[in-house]
Amino acid sequence: MVSPATFHVVTTELVVGTFALAGLCFALKLLSSFNILPNSKFDEAFDSIAHGALLFGLLSLPFAILSGINSAGVDESGFVSALLVNKLWLSFAGLGLAIGVLISRWKVGTDIWNEAKSSIIQSSFGMAACGAILLTASAGGKFTRGESLLDILHLPYDLVLLMPIWLSVILLISGLANFAIAIRANSSQ
């Protein structure tokens, strides 16, 4: 049987690779939609690969999260490291952003790239989801090996970013309002 630590390494590599590919394709699609990349024959491929890789990474992400929790750092009292809390927080942020990007693409279709504003929003959130996952992987490297590719940025992995309850309530209300607006706009079409 495969140990949780080995399974975590495999699933993490799947997640990181697919999210990195998705982030690159979102950036290329954004450049292409603003005609910065002159050859538009790859437009459809950039869109398909970005969203397909994001979906595959999203499907792999729960396995990476659960195997990571199982493999180290958690006992009966909870997380023993601020770095592990940050990893969990970043991975859930990436998960939420990726779900939002995929739902937007599913609901709107390829028309999401027709306007500059929606192209920027779709690409930005897609790249933000990928960035959150890559930061999670960087924190994992710091936790297991004591080093990371992002060490040159001197990120504060030992601090846990906690929000006050009032800010959490405001974010929840704004998210629900955004969801209601999207549903109303979709039903009026």
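None of the values given here were measured: they were computed from a predicted structure.

Colleague: Would you mind showing me how to read the overall build of the protein chain here?
Modeller: Within the protein chain one finds five helices and two strands. Secondary structure elements in the protein chain, listed N-terminal to C-terminal, are α-α-β-β-α-α-α. Taking all 189 residues of the protein chain together, the buried fraction comes to 31%. Sequence separation of 24 or more characterises 73% of the internal contacts of the protein chain that already satisfy a separation of 6 or more. For the protein chain, the exposed surface amounts to about 11,800 Å²; the carbon and sulfur share of it is 70%.

Colleague: What should I look at first to understand helix α1 (residues 4–33) in this one?
Modeller: Side chains three or four residues apart in an α-helix point the same way, a direct result of the helix having 3.6 residues per turn. In this model, α1 (30 residues) spans 42 Å end to end at C-alpha, consistent with the 44 Å of a helix rising 1.5 Å per residue. Those residues of α1 that fall on the buried side of the exposure criterion are His 8, Thr 11, Val 15, Thr 18, Phe 19, Ala 22, Gly 23, Cys 25, Phe 26, Lys 29, Leu 30 and Ser 32.

Colleague: Mind showing me how you'd approach the pattern of salt bridges here?
Modeller: A pair can form between side chains of opposite charge whenever their charged atoms are brought close. Tallying each qualifying case throughout the model produces one salt bridge. In this structure, Arg 105 and Asp 47 form a salt bridge, with 2.6 Å as the shortest nitrogen-oxygen distance. Highlighted residues: Arg 105 in helix α3 (residues 82–108) and Asp 47 in helix α2 (residues 43–71), separated in sequence by 58 residues. Relative accessible area serves as the criterion here: at 4%, Asp 47 is assigned to the buried category.

Colleague: Explanation requested: the environment of Ser 91 in the structure shown.
Modeller: Tracing the backbone through its elements, the reader meets Ser 91 in helix α3. Under the relative-accessibility criterion, Ser 91 is labelled buried at 4%. When the C-alpha atoms of Ser 91 and Leu 134 are compared, they prove to be 9.0 Å apart, with 43 residues separating the residues in sequence. What Ser 91 contacts, discounting residues up to four positions off in sequence, is Leu 61, Ile 65, Ile 133 and Thr 136.

Colleague: Explain the nonpolar core to me, please; I cannot follow it from the model alone.
Modeller: Note that soluble globular proteins tend to have their nonpolar side chains buried in a common cluster. Membership of the largest hydrophobic core comes to 22 residues, with the highest contact counts inside it found for Val 15, Phe 19, Ala 22, Phe 26, Leu 54, Leu 61 and Ala 98. Among the secondary structure elements, those contributing two or more residues to this core are α1, α2, α3 and α4 (116–145). Looking at this core, the element that brings in the most residues is α2, giving seven residues. Aside from chain neighbours lying at most four places away, what touches Ala 98 is Phe 19, Leu 54, Leu 58 and Ala 129.

Colleague: I tried to follow the packing of α1 against α2 on my own but got confused; where do I start?
Modeller: In helix packing, the relevant descriptors are the interaxial angle and the interaxial distance, both defined with respect to the helix axes. With their axes 7 Å apart at the nearest point, α1 and α2 run at an angle of 155° to one another. Taken together, the axes of α1 and α2 lie roughly antiparallel to each other. In this structure, α1 crosses over α2, and the sense of that crossing is left-handed. Looking at the contact of α1 with α2, its residues break down into 21 nonpolar, 12 polar and three charged.

Colleague: Would you mind going over the packing of aromatic side chains with me for this structure?
Modeller: Given two aromatic rings, their pairing is described by the distance between the two centres and the angle made by the two planes. On inspection of all chains with the given rule, the structure shows one aromatic pair. On the basis of an interplanar angle of 40° and a centroid distance of 6.2 Å, the ring pair of Phe 42 and Phe 46 is categorised as tilted.

Colleague: Would you explain the environment of Leu 24 in this entry?
Modeller: Counting through the fold element by element, Leu 24 comes out in helix α1. Separated by 103 residues in the primary sequence, Leu 24 and Met 127 place their C-alpha atoms 7.9 Å from one another.

Colleague: Is there a simple way to explain the state of the cysteines in this structure?
Modeller: What makes a disulfide is a covalent bond joining the sulfur atoms belonging to two cysteines. In total, this model carries zero disulfides according to the counting rule given. The thiol sulfur of Cys 25 is not disulfide-bonded, and the nearest other cysteine sulfur, from Cys 130, lies at 9.4 Å. Judged by its relative accessible area of 2%, Cys 130 falls in the buried class.

Cut-offs applied
Residues numbered from 1 in each chain as written. Predicted model: local features only at pLDDT ≥ 70, side-chain atom pairs only at ≥ 80, totals over all residues. Heavy atoms only, no water. Helix = DSSP H or I, 4+ residues; strand = E, 2+ residues; numbered from the N terminus. Buried < 20%, exposed > 50% of the residue type's maximum accessible area, 1.4 Å probe, protein only. Contact = heavy atoms within 4.5 Å. Areas by Shrake-Rupley, 256 points an atom, 1.4 Å probe, with all protein chains shown as cover. Expected span 1.5 Å × (residues − 1). Salt bridge = Lys/Arg side-chain N within 4 Å of Asp/Glu carboxyl O. Core = buried A, V, L, I, M, F, W, Y, C linked by side-chain atoms within 4.5 Å. Axes fitted to C-alpha atoms, helices over the stretch in contact; angles between N-to-C directions. Parallel < 35°, antiparallel > 145°, perpendicular 65-115°, else oblique. Left-handed = near helix turned anticlockwise from the far one by under 90°. Nonpolar A, V, L, I, M, F, W, Y, C, P; charged D, E, K, R; others polar. Phe/Tyr/Trp six-rings, centres within 6.5 Å; stacked < 30°, edge-to-face > 60°. Disulfide = S-S within 2.5 Å.

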